[in-house]
Amino acid sequence: VGNHVWSNGGGITASYNGQAARVEIAGNTVHDNSSTGIAVSYWVLVDGNRVYGNGGWGVTLYDDRSLATNNEIYRNANGLVLSVGGVGRDNRVYTNAGTGIELSGSGGGVAEGNVVYGNNIGITEGQSRVAGNLVYDNNQVDTPAIGAAIDAMGNGIILPGGVNNTVERNLVFDHDIAGISLVPY
């Protein structure tokens, strides 16, 4: 709690697969690391952190027991990734060079109540739940991109194929291409 972590390969990493109370990473400032700012898996809570300027993802979560809440994630290569069921709630994710929030892995991730803006792409997801988010102005064109990344620029929420996607109760506006884009495999 309350650490200032910068100028490392990676910022903070934690993994706990036990049965006792979860590990908490809270109230930290994590910035300007060459790869990921905060990377966690399994029974870990990431809460109230300020994460910016990292060379990779700002925050990565792996597993449905990992939870990110109330974080400010900005100016990273990419913002927040929720993999294999990771849950992100009430985070502010903005001005990341690439994707704001990505739900990946075997699906099951949840993004709810987040504010996502000023990224190249707002939210990408597959086989996950995206609900109650405010997603706007994800049109950042100052980012170098090639191929499929160029096609994805200027979209709020992208569903690249997949099944069992749930997208509901989001406010999505001010995107150059599409608010919600369904892309077949």
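Refer to the structure printed above.
An account of the accompanying structure is given in this report. Quantities reported herein were computed from a predicted structural model and do not represent experimental measurements.

## As for the side chain of Asn-114
Along the chain, Asn-114 falls in the loop between strand 15 (110-112) and strand 16 (115-117). From its side chain, Asn-114 meets the backbone oxygen of Gly-88 in a polar contact 3.0 Å long. Each residue touching Asn-114, except ones within four places of it in the same chain, is listed here: Gly-88, Arg-89, Asp-90, Asn-91, Ile-101, Gly-132, Asn-133 and Leu-134.

## Points about the sheet that holds strand 18 (residues 129-131)
One open sheet holds the 7 strands; their spatial order is 3-6-9-12-15-18-21, and the pairing between them is parallel. In this open sheet, the two strands that pair with only one neighbour each are strand 3 (23-26) and strand 21 (166-168). This sheet shows a mean twist of 5° between the axes of neighbouring strands, independent of strand direction. In terms of strand pairing, strand 18 meets strand 21 through 3 bridges, oriented parallel. For Ala-131, the partnering residue across the bridge sits in strand 21 and is Glu-168.

## Some points on the sheet that holds strand 22 (residues 171-173)
A sheet is described by the order of its strands in space; here 8 strands give the open sequence 1-4-7-10-13-16-19-22, paired in parallel fashion. Whereas interior strands pair on both sides, the edge strands pair on one side only; in this sheet they are strand 1 (4-6) and strand 22. Each strand of the sheet is rotated relative to its neighbour by a mean of 5°, with strand direction disregarded. Here 3 bridges tie strand 4 (residues 29-31) to strand 7 (residues 50-52), and the two strands are oriented parallel to one another. Bridged to Val-30 within strand 7 is Val-51.

## Description of the nonpolar core
Ranked by internal contacts, the top residues of the largest apolar core, which has 26 residues, are Ile-38, Val-40, Val-59, Leu-80, Ile-101 and Ile-123. Listing elements by their share of this core, those giving two or more residues are strand 2 (12-16), strand 5 (38-42), strand 6 (44-47), strand 8 (57-62), strand 11 (78-83), strand 14 (99-104) and strand 20 (155-160). When sequence neighbours within four positions are dropped, the list of residues in contact with Ile-123 reads Ile-101, Leu-103, Val-116, Val-130, Asn-133, Val-135, Gly-156, Ile-157 and Ile-158.

## Remarks on the pairing of strand 20
Counted residue by residue, strand 20 has 5 buried out of 6 residues, so it is predominantly covered. Both strand 17 (residues 121-124) and strand 20 contribute to a ladder of 2 bridges, which runs parallel. Bridging from a neighbouring strand, Thr-124 pairs with Ile-158 of strand 20. Alignment of strand 20 against strand 23 (residues 178-183), held across 5 bridges, turns out to be parallel. By the bridge assignment, Leu-159 is partnered in strand 23 with Leu-182.

Reading the values: rules and limits
Residues numbered from 1 in each chain as written. Predicted model: local features only at pLDDT ≥ 70, side-chain atom pairs only at ≥ 80, totals over all residues. Heavy atoms only, no water. Helix = DSSP H or I, 4+ residues; strand = E, 2+ residues; numbered from the N terminus. Polar contact = N/O pair within 3.5 Å; in protein donor to acceptor, adjacent residues only side chain to side chain. Contact = heavy atoms within 4.5 Å. Pairing = 2+ DSSP bridges. Axes fitted to C-alpha atoms, helices over the stretch in contact; angles between N-to-C directions. Core = buried A, V, L, I, M, F, W, Y, C linked by side-chain atoms within 4.5 Å. Buried < 20%, exposed > 50% of the residue type's maximum accessible area, 1.4 Å probe, protein only.

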